[in-house]
Amino acid sequence: MAKLALVFLIISMAMTMAMPWAQAQDLNWAKRLDSAGGQPTTNLRFFFHDTLSGKNPSAVRIAQASQTDKSPTLFGAVLMADDPLTEGPEPTSKLVGRAQGLYGSACQQELGLIMALSYSFSDGIYKGSSISVAGMNRALNPVRELPVVGGTGVFRMARGYAEARTHWFDPATGDAIVAYNVTVFHY
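These lines cover the structure that appears in this document, whether it is placed above or below. (Residues numbered from 1 in each chain as written. Predicted model: local features only at pLDDT ≥ 70, side-chain atom pairs only at ≥ 80, totals over all residues. Heavy atoms only, no water.)

Topic: the overall build of the chain
Move 1: Across its full length, the chain carries 1 helix and 10 strands.
Move 2: Element order for the chain, N to C, with α for helix and β for strand: α-β-β-β-β-β-β-β-β-β-β.
Move 3: Restricting to contacts in the chain with at least 6 residues of sequence separation, those with at least 24 account for 47%.
Move 4: With an accessible surface of roughly 10,500 Å², the chain has 61% of that area assigned to carbon and sulfur atoms. (Helix = DSSP H or I, 4+ residues; strand = E, 2+ residues; numbered from the N terminus. Contact = heavy atoms within 4.5 Å. Areas by Shrake-Rupley, 256 points an atom, 1.4 Å probe, with all protein chains shown as cover.)

Quick word on the environment of E163
Move 1: Secondary-structure assignment places E163 in strand β9 (residues 159-169).
Move 2: Take E163: its relative accessible area is 22%, and that puts it in the partly exposed class.
Move 3: Taking C-alpha positions, E163 is 5.7 Å from Y180, a pair spaced 17 residues apart along the chain.
Move 4: The contact partners of E163, leaving out residues within four places of it in the chain, are V143, R144, A179, Y180 and N181.
Move 5: One polar contact links E163 to R165, side chain to side chain, over a distance of 3.3 Å. (Buried < 20%, exposed > 50% of the residue type's maximum accessible area, 1.4 Å probe, protein only. Polar contact = N/O pair within 3.5 Å; in protein donor to acceptor, adjacent residues only side chain to side chain.)

A word on the pairing of strand β10 (residues 176-185)
Move 1: Most of β10 is tucked away, with 8 of its 10 residues classed as buried.
Move 2: The pairing of strand β2 (residues 41-50) with β10 spans 10 bridges and is classified as antiparallel. Residue pairing for β10: T41 is matched across the bridge by F185.
Move 3: As judged from the 10 bridges shared by β9 and β10, these two strands associate in the antiparallel manner. Residue A162 lies in a different strand from β10, and its bridge partner there is V182. (Pairing = 2+ DSSP bridges.)

Points about the nonpolar core
Move 1: L44, Y119, F121, I131 and Y180 are the most contacted members of the largest nonpolar core, which has 36 residues in total.
Move 2: For this core, the secondary-structure elements that each account for two or more residues are β2, β4 (78-86), β5 (95-105), β6 (112-121), β7 (130-138), β8 (144-152), β9 and β10.
Move 3: Once residues lying within four places of it in the same chain are set aside, the contact partners of I131 are L44, L117, S118, Y119, F121, V148, G150, G151, F155, V182 and V184. (Core = buried A, V, L, I, M, F, W, Y, C linked by side-chain atoms within 4.5 Å.)

Here's the deal with the pairing of β4
Move 1: Where β2 lies against β4, 2 bridges are found, and the strand directions are antiparallel. If you follow F47 over to β4, its bridge partner there is T86.
Move 2: Here strand β3 (residues 59-63) runs beside β4; their pairing, made up of 4 bridges, is antiparallel. Residue pairing across strands places R61 opposite L79, the latter belonging to β4.

Some details on the packing of aromatic side chains
Move 1: Counted by the stated rule, this structure contains 10 aromatic pairs.
Move 2: An angle of 45° between the planes, with centres 6.0 Å apart, marks the rings of F46 and Y119 as tilted. You can see F46 sitting in strand β2 and its partner Y119 sitting in strand β6, a full 73 residues away along the chain.
Move 3: Exposure remark for Y119: the relative accessible area of 1% places this residue in the buried category.
Move 4: Where F46 meets F121, the ring centres are 5.8 Å apart and the plane angle is 65°; that geometry is what we call edge-to-face. A residue pair is termed long-range when its members are at least 10 positions apart, and F46 in strand β2 and F121 in strand β6 qualify at 75 residues.
Move 5: With relative accessibility at 1%, the residue F46 sits in the buried group.
Move 6: Through successive ring pairs, a cluster of aromatic residues spans W29, F46, F48, Y119, F121, Y126, F155 and Y180. (Phe/Tyr/Trp six-rings, centres within 6.5 Å; stacked < 30°, edge-to-face > 60°.)

Given below as structure tokens:
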């Protein structure tokens, strides 16, 4: 009986070590929530730094329509991004991941960005995991909601939503810092 209990203890410890989401976490930007029905739910709060200016921009224009420069919304411009994600709004804040993918101006009457980005995390138990966000970002609205449509690693089979709020914006350069509050349901 004692051997059986020892074997069970060893197997339980091995399974916990193999499942990083089951381990305790001490991260300011990510919290595991109580989940309904036993499905893991995680809340992520981070800052997205989109820099179009300077010597080392994190987003660059890769395509545009012939009329893009005449459009007040830059309709038709497509940008590729590799934006840092940080714990706080300061660019020197702790790096927690990167947002990589593309976005483009998809509206002629207002600033609306169609976004397809992978938010890859590099901190704590989320290192190597990502969420995929794809949808319309009406960038001038105070609060925007974007769908989480998938994920990898800890966030495998993710679904959920991301609320984006502009923290800082420079209209002369297009540089922006955006606060994200993301709720993710995953397995």
